[in-house]
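Given next are the chains, with one letter for each unit.
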Amino acid sequence: MEAGRSPNIEILSNADFLGLEGKPGAFTAKVRLRPRYINADKCTACGLCTRYCPRHLVDDYNEGLAITRPIHIDYPQAVPASYFIDPRACLHLQHGTCQICVPVCRSKAIDFGQQPEERALQVGAVIMSPGFGRISEETLAKFGFGKHPDVVTSIEFERLLNPSGPFKGEVRCISDKRHPHRIAFIQCVGSRDLGCDNGYCSSVCCMYAIKEAMVAKEHDPEVEITIYYMDMRTQGKDFDAARRRAEEQFGIKFVRARVADVMPWNDQLRLTYATLSGSHHFEPFDMVVLSVGLEAPKDAKGLASTAGFELNQYDFCKTSTFAPLATTRPGVLVAGAFHGPKDIPESVTQSSAAAGLAAGLLRTQRGQGTVTKSYPAEQNPGEEVRIGVFVCHCGINIGGVVDVPGVAKYAGGMEDVVYYTESLYSCSQDAQEAIKEKIRQHNLNRVVVAACSPRTHEPLFQETLKDAGLNRCLFEMVNIRDQCSWVHANEPEAATAKSRDLVRMAVAKARHIKPLPEQTVPVTPKALVLGGGVAGMTAALNLAEQGFESFLIEKSGQLGGNLLKLDRTLQGDKAADLLKELSAAVKKHKLITVLTNSELAEVNGFVGNFTSMVRTANGKKASEQSISHGVIIIATGGREHVPARVLGKEPVASKKIVTQQALEQQLAGGKAKAPASVVMVQCAGSRGDDLAYCSKVCCNHAVKNALRIKALDPASQVVVLYREMRTYGFAEDLYRQAREQGVIFIPYATDRMPEISAKGSKVRIDFYDPILQDQVTMEPELLALSVGIVPEGTKELSKLLKIPVNADDFYLEAHVKLRPVELPVSGVYVCGLAHSPKPIEETIVQAQAAAAKAAIPLVKGHVEVEPTVSHVDQEICIGCSLCTSLCPYQAIQMVQLENKQRRAQTIVASCKGCGICASHCPTFAISMGGFTDQQISSQIEAFGREENRND
Amino acid sequence: MAKAKQERAGSVMVLGGGVAGIQAALDLTQLGYYVYLVEKSAAIGGAMAQLDKTFPTNDCSL
Amino acid sequence: MTEQTTNPRILGFLCNWCCYAAADAAGVSRYQYPPNLRTIRVMCTGRIDPAFILRGFAQGAAGIFAGG
């Protein structure tokens, strides 16, 4: 959690938002900080206070399935890593007694004198990301929740599956702690349900239900799991594949049915459900999981009135399709589930987008509020190695198990160790001062700290070294807490011996560590945007608003992409309006150079320093120009698929068979006429024909065209044959509206596909209606196919840029959840249909997010490189290029030296420090900063030198 | 950590410290702005801190 | 490690991003495991040169653990 370490983020937790005044660029926000009763600067998160606290409190973090104490921390990795006292249950705060925690706390952090504090914050913009609320217990009670303990919510089940959860990751019935043999998931609890006023689809439940079912199966392969659903809405990127895996590999059963109720039955639960054909069934289960939806946050109304923006009918934030993250109050943006139910990658994408929009808004203020630290000049460590070893007690966390004074003394006896000491809390502020003092006093040039994990605390000590004028790489950390005293709590002698060994190995390595230069690479502050559709134009505009130049490369003769083929969005916004607005703004902006009829011919370089050749066709002639830029945004888009197979057969050719896009064009304009009868066929080409994946937008597209037909002529007959209607989110309302207006939706199964045939000028479709339970034949005036979306030219471009694509030829992002718009090659970003099929609103957000991410290196002006990168000794290198082919990040290139020899060279800006190159180099020419062969070998040798265990 | 000045141009308030708020805050600092991350409860993390694995890859969540 | 008489020494190479992190998490959860492992943190298990493994055995390791 980097947020806790940034000097430019001030975390105000335990805080209430009181008011917002002013205008964009100059708001004053009022917040009140409730007291924690614990001084966060002094608290070391040792946990002693929780052990002594006599009161019990239901643990909200574990969904009430476990017990904690009023004085506690929510979870071990919490940020801020400080405990707090819940005033609702504390004996002292409620009754003025107890105070046992005060003497127990060794760092004297407990302060019952703390008072609430009000602060006025001067901010230029506000991002609202309050998350989502919980479905009311009243709705859950319809399924026996609250009446029977073994009916749990999916969030509770998530905690049961978690190793840090109430049963340490074992799934047990709450009632009698037995392992359940049969588990049922009920979908759409509190979603798609007008009974609780949540008409929308929560968009995430199908995915987490499958995930939880699969994880439960991993825990216990014997358990039988059935998921009861209306439509499985796994429309996201690669989601359908996971759903198939759940069914085929994990044997999870999916049953399309509505669950009527859940009743106790002996020591089990009995589910009553009705299938499509209307028949009723009963099934016993040990545990029932309710897949609860996402609601607007509980205090949404209060928040909206305090901050002065409007909500939609479901109390989520009110926004529009073409400006998805703007609230109704200028300068106030929204991100995450408060915008509408959504999953993690979409939330993360929105956050980046909102950050980019705020950055554009406050361009003139950039850098005025940020803090940068300065350090003394770095000293030359000299030839003589002088090591200082600091061994930490961590209160009793280490000292209670390991003989800390003994370990420190043992370290003192090692070669080149000139100073050793122990400290109570080596991470405390005064300990940092002490380390600096000892570095000066004893002229130390290597520091070894034996304490907790370098993953959390190395940056802190490295900072101290920098403050003392030492290179931060002259530091080595030994983990004798997380990986020693905590895991060998009952074996103090063995833990002490292990600590000695680990310290000895670290000192052996420290003798060979060298200062490493802080490397930076300058950045050309310009962007290359590939694709002039809505994604590309939005990205270029956002970059321009942030003050960065970009080149917008469009293959065709005009800007617009798929917008040119669309009439209206599902919500009724006119595509032409957006197109006009965007293309006018793009053409007008001084910082955007538009190159139409152009294609990327060649790319060289790396993040910050790309050089590209762009070929522009001019009539029959073509010209090429070289462009220097720092980042690349790929927005090359996609197009309507031309299926080679439809519903498992060769496509039938007929003038009466059209695609949804063609139908939309027919229905556009004031003079359009509705056909008397239309049959729409969903997934015609997608999900199993020649495309394996779901194209996400087709169901919305069908609903949109159906509503348009009904608006033109209410008497027109519209039938939609579908597998699962994936009108997720607020689109569910329009699906319902279509049904209310008489559009007939009939599901079909993949083992009984509809059959299309054409005879003369007539087109005919035969299908099985599961409600009538009979075969039906229709001869509609028009047959519309939802054919899906394919990416445009990703295969060619992926080779040019060395970027991987997934099995469906969409670009593969750097991290599916947490870095959804970044690609594995540094400095290259993706948005729009090239990433995956998605509606306009999501494309706009993703383009804004890609622009925000791309702006980061441009703002900085340089790319910082961790010193732990690889380095090629070109004297030893034989130019075999094994390393260049092995590097997963394309971070090693072959260069030609002056003497014409080919040698490997690290592109430091792209190197991630994995060391694959170093371990495979046949001539040992490659070394890794901080992890050289010599350093690791000396650790291994020190491991073997298990000397004098007799102290 | 430096305490914020009362008058601070170039700063943004992010309300809500879940995964969305944290991501917005981190991106804003990297884009050159100071961030006040305001969270109602005692620790940031939101709902994601309760998750172990995520769909469809079943990766660890943090 | 059921026999009390044997006390093998195991050398582990732990990837900073996954296995080392998991070992930290084990500590946070106070899982108890036998104290026979000595670890070396690397940035990726790709860093492990086969020579490191041989050298570990030469230095008396009863087993080498590569965690990534």
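Residues numbered from 1 in each chain as written. Chains lettered and ligands numbered in written order. Predicted model: local features only at pLDDT ≥ 70, side-chain atom pairs only at ≥ 80, totals over all residues. Heavy atoms only, no water.

Undergrad: Any chance you could break down the overall build of chain C for me, citing the residues and the numbers?
TA: Regarding its fold elements, chain C presents two helices and three strands. Start at the N end of chain C and walk to the C end: the helices and strands fall as β-α-β-α-β. For chain C, the spread of C-alpha atoms along the three principal axes comes to 35 × 35 × 10 Å. For chain C, the share of sequence-separated contacts (at least 6 apart) that also reach a separation of at least 24 residues comes to 82%. Accessible surface, chain C as shown: approximately 3,300 Å² in total, 62% of it carbon and sulfur. (Helix = DSSP H or I, 4+ residues; strand = E, 2+ residues; numbered from the N terminus. Contact = heavy atoms within 4.5 Å. Areas by Shrake-Rupley, 256 points an atom, 1.4 Å probe, with all protein chains shown as cover.)

Undergrad: Outline the environment of Tyr61(A), supporting the account with residue identities and numerical values.
TA: Residue and element names in this part refer to chain A. Residue position: Tyr61 is located in the loop between strand S4 (57-58) and strand S5 (67-68). By relative accessible area, Tyr61 is classed as buried at 12%. On a C-alpha basis, the gap between Tyr61 and Asp74 in space is 6.1 Å, while along the polypeptide they are 13 residues apart. (Buried < 20%, exposed > 50% of the residue type's maximum accessible area, 1.4 Å probe, protein only.)

Undergrad: Please provide a residue-by-residue account of the side chain of Thr843(A), values included.
TA: With respect to the helices and strands, Thr843(A) occurs in helix H21 (residues 840-860). Look past the residues within four positions of Thr843(A) in its chain and what remains in contact with it is Val534(A), Ala535(A), Gly832(A) and Lys838(A).

Undergrad: Would you mind going over the confidence of the model for chain C in detail, with residue names and values included?
TA: All names here are of chain C. Per-residue confidence for chain C averages 88 on the pLDDT scale, and 93% of its residues sit at or above 70. Across chain C, the element-wise mean pLDDT spans from 87 in helix H1 (residues 19-28) up to 96 in strand S2 (residues 37-42). Scoring the predicted complex yields pTM 0.81 and, for the interface, ipTM 0.94. (pLDDT = per-residue confidence, 0-100.)

Undergrad: Can you tell me about helix H17 (residues 660-667) of chain A, naming the residues and giving the values?
TA: Residues and elements named next belong to chain A. Turning to H17, its buried residues are Gln660, Gln661, Leu663, Glu664 and Leu667. Looking straight down H17, one finds that the buried residues subtend no more than 160° of arc, so they occupy a single side. After H17 finishes, the residue Gly669 shows a positive phi value of roughly 85°. (Arc of directions from axis to C-beta.)

Undergrad: Any details on the arrangement of the chains? Residues and values, ideally.
TA: Contacts are most numerous, across the two pairs of chains in contact, for chains A and B. Here chain B and chain C are not in contact; the least distance found between their C-alpha atoms is 10 Å.

Undergrad: Outline the packing of aromatic side chains, listing residues and values.
TA: Ring pairs (aromatic) are described by centroid distance and by the angle formed between their planes. All names here are of chain A. By the definition in use, this model includes 18 aromatic pairs over all chains. Here the aromatic rings of Tyr200 and Phe730 are separated by 5.7 Å at their centres, their planes lie at 75°, and the arrangement is edge-to-face. With a gap of 530 residues between them, Tyr200 in the loop between strand S11 (182-189) and helix H6 (205-219) and Phe730 in the loop between strand S33 (717-722) and helix H19 (731-740) connect regions that are remote in the sequence. Residue classification places Tyr200 among the buried positions, given a relative accessible area of 0%. Between Tyr722 and Phe745, the ring centres sit 6.4 Å apart and the planes meet at 70°, which makes this aromatic pair edge-to-face. Note that Tyr722 is positioned in strand S33 and Phe745 in strand S34 (residues 744-747), a separation of 23 residues in sequence. Taking the relative accessible area as the measure of exposure, Phe745 reaches 11% and is therefore buried. Across the ring face of Phe285, the terminal group of Arg182 is positioned such that the distance to the ring centre comes to 4.8 Å. (Phe/Tyr/Trp six-rings, centres within 6.5 Å; stacked < 30°, edge-to-face > 60°. Lys NZ or Arg CZ within 6 Å of the ring centre and 35° of its normal.)

Undergrad: So, the pairing of strand S44 (residues 902-906) of chain A: which residues are in play, and what are the values?
TA: All names here are of chain A. Bridge analysis of strand S43 (residues 892-896) against S44 gives five bridges, and the strand direction is antiparallel. Along S44, the bridge assignment pairs Gln896 with Arg902. In textbook terms, the turn of a hairpin is the stretch between consecutive antiparallel strands, and for S43 and S44 this stretch comprises five residues, one of which, Lys900, has a positive phi near 75°. (Pairing = 2+ DSSP bridges.)

Undergrad: Got a sec to walk through the sheet that holds strand S19 (residues 417-423) of chain A? Specific residues and values, please.
TA: Residue and element names in this part refer to chain A. Read from one edge to the other, the open sheet built from four strands follows the order S19-S18-S20-S21, with strand pairing classed as parallel. Strand pairing shows two members of the sheet lacking a second neighbour, S19 and strand S21 (475-479), which therefore form its edges. The average undirected angle you get between the axes of adjacent strands in this sheet is 15°. (Axes fitted to C-alpha atoms, helices over the stretch in contact; angles between N-to-C directions.)

Undergrad: So, helix H8 (residues 300-307) of chain A: which residues are in play, and what are the values?
TA: Every buried residue of H8(A) is listed here: Ala300(A), Leu303(A), Ala304(A) and Ala307(A). Seen from one end, H8(A) has its buried residues packed into an arc of 95°, which puts them on one side. Residues of H8(A) that are exposed and point more than 90 degrees away from the buried face comprise Lys301(A) and Ser305(A). Contacts from the buried residues of H8(A) go to strand S2 (15-23) and strand S9 (125-128) of chain A together with strand S1 (11-15) of chain B. Positive backbone phi, at 80°, marks Gly308(A), one or two positions downstream of H8(A).

Undergrad: Let's hear about the nonpolar core: which residues, and what values?
TA: Grouped together as the largest cluster of nonpolar side chains are 75 residues, with contacts concentrated most on Ile127(A), Leu552(A), Ile633(A), Val12(B), Leu28(B) and Leu31(B). It is H21(A) that contributes the most residues to this core, twelve residues altogether. Setting aside anything within four residues of it in sequence, one finds Ile127(A) in contact with Leu333(A), Ala335(A), Ala354(A), Ala355(A), Val12(B), Met13(B), Val14(B), Leu15(B), Ala24(B) and Leu28(B). Within the second largest apolar cluster, 72 residues are counted, among which are Val407(A), Val503(A), Ala925(A) and Phe52(C). (Core = buried A, V, L, I, M, F, W, Y, C linked by side-chain atoms within 4.5 Å.)

Undergrad: Explain the packing of helix H5 (residues 154-161) of chain A against H6(A) residue by residue, including any values.
TA: Residues and elements named next belong to chain A. Contact geometry for H5 and H6: axes closest at 11 Å, N-to-C directions at 30°. Between H5 and H6, the interaxial angle falls into the category roughly parallel. Here H5 runs over H6; the crossing is left-handed. Contact residues: Ser154, Phe157, Glu158 and Leu161 in H5; Tyr208, Lys211, Glu212, Val215, Ala216 and His219 in H6. A per-class count over the contact of H5 with H6 returns five nonpolar, two polar and three charged. (Parallel < 35°, antiparallel > 145°, perpendicular 65-115°, else oblique. Left-handed = near helix turned anticlockwise from the far one by under 90°. Nonpolar A, V, L, I, M, F, W, Y, C, P; charged D, E, K, R; others polar.)

Undergrad: Provide a residue-level description of the pattern of salt bridges, including the pertinent values.
TA: Residues and elements named next belong to chain A. Per the counting criterion, the structure on display carries 55 salt bridges over all chains. One salt bridge connects Glu224 with Arg182, and the closest N-O pair in it is separated by 2.8 Å. Placement of Glu224 in strand S12 (residues 224-229) and of Arg182 in strand S11 is noted, with a sequence separation of 42 residues between them. A salt bridge links Lys795 to Asp809; its shortest N-O distance comes to 3.8 Å. Here Lys795 is found in helix H20 (residues 794-801), whereas its partner Asp809 is found in the loop between H20 and strand S40 (828-830), with 14 residues between them in sequence. A residue is classified by how much of its surface remains accessible, and Lys795, at 48% relative accessible area, is partly exposed. The network of salt bridges with common partners includes Asp240, Arg243, Glu247, Arg687, Glu724 and Arg726. (Salt bridge = Lys/Arg side-chain N within 4 Å of Asp/Glu carboxyl O.)

Undergrad: Describe the pairing of strand S15 (residues 280-285) of chain A, with residues and values.
TA: All names here are of chain A. As paired strands, strand S14 (residues 268-275) and S15 are joined by six bridges and run antiparallel to one another. Its bridge partner lying in S15, Leu271 is registered against Glu283. Counting the residues between successive antiparallel strands, the hairpin from S14 to S15 contains four residues, one of them, Gly278, with a positive phi of roughly 95°.

Undergrad: How would you summarise the side chain of Thr321(A) if you had to cite specific residues and measurements?
TA: Residue and element names in this part refer to chain A. Inspection of the secondary structure puts Thr321 in the loop between H8 and strand S17 (332-334). Of note is the side chain of Thr321, whose polar atom sits 2.8 Å from the side chain of Asp573. In this structure, Thr321 is in contact with Thr569, Gln571, Asp573, Glu841 and Ile844, ignoring residues within four places of it in sequence. (Polar contact = N/O pair within 3.5 Å; in protein donor to acceptor, adjacent residues only side chain to side chain.)

Undergrad: Go over the interface of chain C and chain A with me, naming the residues and quoting the values.
TA: Taken together, the contacts link 37 residues of chain C with 44 residues of chain A. Of the roughly 3,700 Å² buried between chain C and chain A, counting both surfaces, carbon and sulfur atoms make up 55%. With a shortest N-O distance of 2.8 Å, Arg47(C) and Asp933(A) are connected by a salt bridge. Those elements giving two or more residues to the side of chain C that touches chain A turn out to be strand S1 (10-15), H1, S2 and helix H2 (50-58) of chain C. Its residues placed into classes, the side of chain C that touches chain A shows 22 nonpolar, seven polar and eight charged. (Buried area = accessible area lost by both parts, 1.4 Å probe.)

Undergrad: Describe the interface of chain B and chain A, with residues and values.
TA: Contacts between the two partners involve 55 residues from chain B and, on the opposite side, 91 residues from chain A. Across the chain B/chain A interface, buried area totals approximately 6,100 Å², and carbon plus sulfur atoms make up 61% of it. One can count two salt bridges joining chain B with chain A. Asp299(A) serves as the salt-bridge partner of Lys40(B), at 3.8 Å between the closest nitrogen and oxygen. Where chain B touches chain A, the interface holds 27 residue pairs in polar contact (both at pLDDT 80 or more). Breaking the side of chain B that touches chain A down by element, the ones donating at least two residues are S1, helix H1 (19-30), strand S2 (34-38) and strand S3 (53-54) of chain B. For the side of chain B that touches chain A, the element with the most residues is H1(B), which contributes twelve residues. Of the residues that constitute the side of chain B that touches chain A, the class distribution is 32 nonpolar, 15 polar and eight charged. The pairing of strand S1 (residues 9-12) of chain A with S2(B) spans four bridges and is classified as parallel.

Undergrad: Tell me about the sheet that holds strand S10 (residues 151-153) of chain A, and name the residues and values.
TA: All names here are of chain A. Reading across the sheet, the seven strands line up as S10-S16-S11-S12-S13-S14-S15 and stay open at both edges, with mixed pairing between neighbours. The open sheet has two edge strands, S10 and S15, and neither has a second partner. Each neighbouring strand pair of the sheet contributes to a mean axis angle of 35°, computed without reference to strand direction. Examined bridge by bridge, strand S13 (residues 253-265) and S14 share eight bridges and lie antiparallel to one another. What sits directly across from Asp261, in S14, is Thr272. In the packing of H5 onto the sheet, the strands contacted are S10, S11 and strand S16 (287-292), and the crossing angle to S16 comes to about 120°.

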